[in-house]
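Residue-level structure breakdown
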Amino acid sequence: MSVHVENCIIIGSGPAGWSAAIYAARANLKPLLFEGAMTEENRVMGRYPMGQLAQTTEVENYAGFPTGKIKVFLESAIDSDRHYMLPPIEEHPHAVTGPELMELMRQQATNFGTRVITDDIVSVDLSGKPFQLNTSESGSFQAHTIIIATGASANYLGLPSEEVFRNKGVSACAVCDGALPRFRNKPLVVVGGGDSAVEEASYLTKYASKVHMILRRGEMRASKIMQQRALDNPKIELVKFSVVDEVLGDANDMRVGVTGVRVKNVDTGTTTVLEAAGMFLAIGHTPNTNFLSGQVEKHANGYIRWTQPYRTITSVEGVFAAGDVADDYYRQAITSAGTGCMAALDAERYLAGVGVH
Ligand SMILES: Cc1cc2nc3c(=O)[nH]c(=O)nc-3n(C[C@H](O)[C@H](O)[C@H](O)COP(=O)(O)OP(=O)(O)OC[C@H]3O[C@@H](n4cnc5c(N)ncnc54)[C@H](O)[C@@H]3O)c2cc1C
């Protein structure tokens, strides 16, 4: 019995996956998208369906969504059986929230015929054509092309208090959240000492009254030029030989949220409380690529490598990568959506080239 071979399987349900699906569906590729499984493990690891944006509140920088009264639009655009995925839709003017934006993208993709399976791809075999994909609970599938859009998960410290205040003062994205009113003209904490920690701290000084950078060692890991940037910034203060012990605040009144961070000196064990309205993690991201078991070439830092500039082509012909899983630099919803579109166009052209579609 011959097994049905899909034209295009998309793995991942963030902006990259849904944008790829919209383009692939409109090109009549009849894409099949795996959005991830709704498991506790995925929730804890930041890999829950609908991507990283589903973990955040308002998204103020996604083009096309200025603050406004979008309740009527949301209710009319999104199928009612998906409303349960949304936070209560507010009457008052607001910028689109992450969950709302993701539901809109999902709806747009399914409107054009994208089929969606709520499951994880757990392994793939890319050694022959068609490709083989194995899921956690839905069996195996075959495809002529694959678009990998599985994103990356921000690394957190793993403290219970950090979890309590996540998105209510604790964030892993300064560019995304730094301008929020709760952080303006207030002291903040950045955890990490690499280049991206300096980037985040420098960015936050535009809004914050002061930024404490928590360094485990006596110096930053950042490049010399970035170290100098931090040292030259009068608003950045280094807190050396220290680790975060606990995030402090009012968990019962989230309008208050984070009020401070207790840090512990790694040499003496003494603790100090730093006044802070927020804590930003800058200790790296982990791209979600385990299921590939090394079959697609990656950079040394684990991100999938595009083998041609400005193309989403990977080391395996017919396999494309989009979004944060292949981007350790921009890591924004709109750039992910852009590369998702590129991957679908690349897949379509590849299929035409091999005479499949
Ligand atoms: C708290 C927070 C706030 C942010 N705020 C903003 C903002 O305001 N503006 C902005 O532009 N960016 C923001 N970002 C960054 C933005 O969310 C990311 O750049 C963007 O979501 C990346 O999109 P993506 O499609 O590449 O992947 P992701 O959004 O990471 O989605 C990938 C998804 O694919 C699924 N998946 C993973 N592995 C598998 C598998 N094996 N099988 C099936 N499915 C799988 C999971 O559901 C995973 O969540 C924020 C990020 C965070 C964490």
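Placed above this text is the structure.
A brief structural summary. (Residues numbered from 1 in each chain as written. Predicted model: local features only at pLDDT ≥ 70, side-chain atom pairs only at ≥ 80, totals over all residues.)

**What about the sheet that holds strand β8 (residues 170-171)?**
In plain terms, the rule: Following DSSP output, two strands are said to pair if at least two bridges run between them. Numbering goes from the N terminus for both helices and strands, where a helix is a DSSP run of H or I of at least four residues and a strand is a run of E of at least two. Whether two residues are in contact is decided by their C-beta atoms, placed from the backbone, lying within 7 Å. Here an axis means a line fitted to C-alpha atoms, over the contact stretch when the element is a helix, while the angle between two N-to-C directions is reported on a 0 to 180 degree scale.
If you trace the five strands from one edge of the open sheet to the other, you get β8-β15-β9-β10-β11, paired in parallel fashion. Both edges of this open sheet fall to β8 and β11 (236-239), since each of them pairs with a single strand only. Where β8 lies against strand β15 (residues 278-281), two bridges are found, and the strand directions are parallel. Following the sheet pairing, Ser171 is matched in β15 by Phe280. Docked against the sheet, helix α7 (residues 195-204) engages β9 (187-191), β10 (210-214), β11 and β15, running at close to 170° with respect to β9.

**Describing the nonpolar core**
The condition that has to hold: Residues of type Ala, Val, Leu, Ile, Met, Phe, Trp, Tyr and Cys that are buried and joined through C-beta atoms within 7 Å form what is called a nonpolar core. Exposure classes come from backbone-placed C-beta atoms, where a residue is buried if 20 or more other C-beta atoms lie within 10 Å of its own, exposed if 12 or fewer do, and partly exposed in between.
One finds Ile10, Ala20, Ala24, Ile147 and Ala322 to be the most contacted residues of the largest nonpolar core, which totals 56 residues. The element that contributes the greatest number of residues to this core is helix α1 (residues 15-26), accounting for eight residues. Other than its neighbours up to four places away in sequence, Ala24 contacts Cys8, Ile10, Leu29, Pro31, Ala344, Ala347 and Glu348. Ala208, Met213, Ala230 and Leu281 belong to the second-largest nonpolar core, a separate cluster that totals 35 residues.

**A short note on unusual backbone geometry**
Following Lys129, the chain continues into Pro130 via a peptide bond in cis, with omega recorded as -10°. Looking at the secondary structure, you find Pro130 in the loop between β4 (121-125) and β5 (131-135). For Lys30, which is not glycine, the phi torsion reads 50° and is therefore positive. Its place among the elements puts Lys30 in the loop between α1 and β2 (32-34). Its 15 C-beta neighbours within 10 Å are what place Lys30 among the partly exposed residues. Positive phi, normally seen in glycine, also occurs at Arg331, with a value near 50°. Counting through the fold element by element, Arg331 comes out in the loop between β17 (319-321) and α9 (333-353). Looking at Arg331, the number of C-beta atoms within 10 Å reads 20, which means it is buried.

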